[in-house]
Structure formats: structure tokens, C-alpha cells
Amino acid sequence: MSNAAAPATEGPDRSEVPAHVAIIMDGNGRWAAARGLPRAEGHRRGVEALRRVVRASHELGIRYLTIFSFSSENWSRPASEIGDLFGLLRRFIRNDLASLHRDGVKVRIIGEREGLENDICALLNEAEELTRDNTRLTLVVAFNYGSRQEIAKAAQKLAREVAAGQRDPGTIDAETLGAHLDAPDIPDPDLIIRTSGEQRLSNFLMWQAAYSELVFVPIHWPDFDKAALESAIAEFARRERRFGGLVAKTAS
């Protein structure tokens with residue numbers, strides 16, 4: 001684990017680009033506070049950063065991009081801020097879904113939908129259904145998501161199978177549990193980036209991150225752009241990935 005190096009002056013070689021990049025988009029509120037702006041403006045500018053990063057991921061050849069959009073712990077924030085965040089989600093899907101679809105982006109949602117407002121669930125379902133056959137980039141949106149809850153839910157599914165006599169407990173291993181997570185068909189992230197200088201996963205993809213490279217960048221999310229993404233990828237490319245054994249190439 002380390003902070004990312006200075007921004008790269010040239011783009012990374014495509015052979016060095018990770019197949020799956022996951023991002024903890026942190027620092028919207030601090031970005032706004034540093035400029036004397038309301039937190040809602042920080043979140044709005046964060047959506048603009050997301051658009052830039054989705055476009056950059058296209059250009060760099062990343063196949064999967066997972067973003068931590070709304071944590072299950074975010075419900076503890078003030079109701080007004082939660083309302084702002086949900087409003088941004090509504091506008092993002094309504095305004096950007098057509099362009100994402102046109103650009104060949106498949107949208108996948110992970111996280112708990114039970115208890116969400118009906119129109120939010122309908123928008124999430126619409127995004128997945130409209131883009132389900134796209135193949136250029138898969139955008140995985142972790143919404144109302146917490147990794148511990150995801151793992152617990154997978155364990156509950158397996159427990160019900162055992163209780164119903166459909167499964168021998170001795171058959172449950174790491175591969176079996178992983179197959180019961182929210183998106184078992186999506187490969188684990190090669191690279192996880194967290195903005196704003198914090199150095200923790202914050203209940204994000206903890207199972208899937210077992211062998212991910214972690215890069216922490218000091219800039220706040222609204223300032224994140226293609227150059228910052230390229231810098232993180234350059235740091236990833238310098239790593240020697242051993243996976244507990246011999247050195248493995250970082251390219252995927």
C-alpha cells in the first residue's frame with residue numbers, strides 16, 4: 001500500500017492496464033469545505049468527476065470499473081445530504097444513461113435494494129436492463145452497499161440451503177461463498193483506488209480485495225481526472241504481484 005506517484009506524463013501501455021479498477025470516491029465534502037461551498041456542490045462536482053473517469057476508462061482499455069456510490073453506513077448522514085445524494089443519482093441515471101448505453105457501457109448494481117424508494121429501484125433496474133447486452137465497459141455501481149452485509153447475506157443463503165437439505169456443510173469453501181456474493185461473474189479488482197488521502201477500505205469489496213493492489217491518492221474526488229487515473233495505473237504497473245508465490249505480472 002502506498003500513495004500514488006506524481007501524475008504520469010504519458011499514458012500507460014495498454015498491456016499494463018488492469019482489467020478491473022475499483023474506486024472509493026472520497027472527499028466531496030472536504031473539497032467543498034475548502035472552497036467555502038455547500039457539501040451538495042461537492043457531490044455535484046463529484047458526479048462530473050465520475051463522468052470523466054468513465055470516459056477515461058473507455059480510452060485506457062479498462063474492462064470493469066466499480067465505484068462506491070453510496071455506502072450502507074451513509075444512512076447516518078443528515079437527511080438533507082442523503083436527499084441531495086439520491087437526487088444526484090436520479091439525475092445521473094436520467095441524464096447519462098442514454099450516453100452510457102450509446103458508448104457500450106453495461107451497468108451493474110451491487111448492494112441492498114430492499115427499503116429503497118420505488119423510483120430509485122425502478123431507475124436502477126432500468127439502467128441494468130437497458131445496458132445488459134453492452135460489452136465495451138462494465139460499470140459496477142455499489143449502491144446502498146456494505147461488504148460485511150454482502151458476505152453475511154451470502155452466508156445466510158448457504159445456511160438456508162443446508163437447512164433445507166440441499167447442501168452438505170462440508171461442501172462450503174471459499175469458492176462456494178464467493179459464488180453467492182452480489183456479482184460472482186465479475187472478476188476481483190486488480191486495483192483499488194481511494195481518493196482524499198484516507199487509507200482504508202471502509203467496508204468496500206473486502207472479500208474481493210484479497211489480492212488487489214491498493215493505491216491511495218491525496219486529491220479529493222472532484223479533482224480526480226484521467227491524469228490521476230493514469231498515475232494510479234502507473235503505480236500499479238510498478239508493483240510485483242506475487243499472490244503468495246512467484247512474481248506475477250501486473251497486466252491482466
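Residues numbered from 1 in each chain as written. Predicted model: local features only at pLDDT ≥ 70, side-chain atom pairs only at ≥ 80, totals over all residues. Heavy atoms only, no water.

### Some points on helix 5 (residues 147-163)
Then comes step 1: Along its 17 residues, helix 5 runs 24 Å from first to last C-alpha, staying within 8% of the 24 Å computed at 1.5 Å per residue.
Then comes step 2: All of the buried residues in helix 5 are Ser147, Glu150, Ala154 and Leu158. On an axial view of helix 5, the arc spanned by its buried residues comes to 70 degrees, and they lie on one face. Seen from the open side of helix 5, the exposed residues pointing more than 90 degrees away from its buried face are Arg148, Arg160 and Ala163.
Then comes step 3: For helix 5, the secondary structure elements touched by its buried residues are strand 5 (137-145) and helix 6 (174-178).
Then comes step 4: Immediately beyond the C-terminal end of helix 5, within one or two residues, lies Gly165, with a positive phi of roughly 75 degrees. (Helix = DSSP H or I, 4+ residues; strand = E, 2+ residues; numbered from the N terminus. Expected span 1.5 Å × (residues − 1). Buried < 20%, exposed > 50% of the residue type's maximum accessible area, 1.4 Å probe, protein only. Arc of directions from axis to C-beta. Contact = heavy atoms within 4.5 Å.)

### As for the side chain of Asp26
Then comes step 1: Tracing the chain through its elements places Asp26 in the loop between strand 2 (20-24) and helix 1 (28-34).
Then comes step 2: Once residues lying within four places of it in the same chain are set aside, the contact partners of Asp26 are Arg194, Thr195, Ser196, Glu198, His220 and Trp221.

### Regarding the domain arrangement of the protein chain
Then comes step 1: Looking at the protein chain, the domain boundaries give domain 1 (20-145 + 188-237) and domain 2 (147-181).
Then comes step 2: The C-alpha-based centres of domain 1 and domain 2 are spaced at 28 Å.
Then comes step 3: Between domain 1 and domain 2, the contact holds 11 residues from the first and 10 residues from the second.
Then comes step 4: Taking both partners together, domain 1 and domain 2 bury about 780 Å²; carbon and sulfur atoms supply 53% of that area.
Then comes step 5: A salt bridge links Glu112 to Lys153, with the nearest nitrogen and oxygen atoms 3.7 Å apart.
Then comes step 6: Put simply, domain 1 and domain 2 have 6 residue pairs in polar contact (both at pLDDT 80 or more) between them. (Domains from an automatic or database assignment. Buried area = accessible area lost by both parts, 1.4 Å probe. Salt bridge = Lys/Arg side-chain N within 4 Å of Asp/Glu carboxyl O. Polar contact = N/O pair within 3.5 Å; in protein donor to acceptor, adjacent residues only side chain to side chain.)

### A short note on the pairing of strand 6 (residues 191-194)
Then comes step 1: By the alternation rule, side chains of strand 6 split into Leu191 and Ile193 and Ile192 and Arg194, which are all buried.
Then comes step 2: When strand 6 meets strand 7 (residues 213-216), the two strands line up parallel, connected through 4 bridges. From the neighbouring strand, Ile193 faces strand 7, where its bridge partner is Val215. (Pairing = 2+ DSSP bridges.)

### Describing the pattern of salt bridges
Then comes step 1: Inspection of the entire model under this criterion finds 23 salt bridges.
Then comes step 2: Arg45 serves as the salt-bridge partner of Glu48, at 3.4 Å between the closest nitrogen and oxygen. Residue Glu48 and its partner Arg45 are both found in helix 2 (residues 39-60); the two are separated by 3 residues, about one turn of the helix.
Then comes step 3: You can call Glu48 partly exposed: its relative accessible area is 26%.
Then comes step 4: Judged by its relative accessible area of 29%, Arg45 is partly exposed.
Then comes step 5: Of the charged contacts, one joins Arg167 and Glu161 as a salt bridge, the two residues approaching to 2.7 Å between their closest N and O atoms.
Then comes step 6: Taking relative accessible area as the criterion, Arg167 reaches 22% and is therefore assigned partly exposed.

### Quick word on the UniProt feature "active site" (unreviewed entry) in the protein chain
Then comes step 1: Per the UniProt record, "active site" (unreviewed entry) is found at Asp26 and Asn74. Taken together, the annotated residues stretch across 49 residues yet fold into one region, lying no more than 12.3 Å apart by C-alpha.
Then comes step 2: On the accessibility criterion, Asp26 (14% relative accessible area) is buried.
Then comes step 3: Following the sequence through the fold, Asn74 ends up in the loop between strand 3 (64-71) and helix 3 (79-102).
Then comes step 4: In this structure the side chain of Asn74 is engaged in a polar contact, spanning 2.8 Å, whose partner is the backbone nitrogen of Ser71. (UniProt positions renumbered as here; feature names shortened; annotations may be inferred.)

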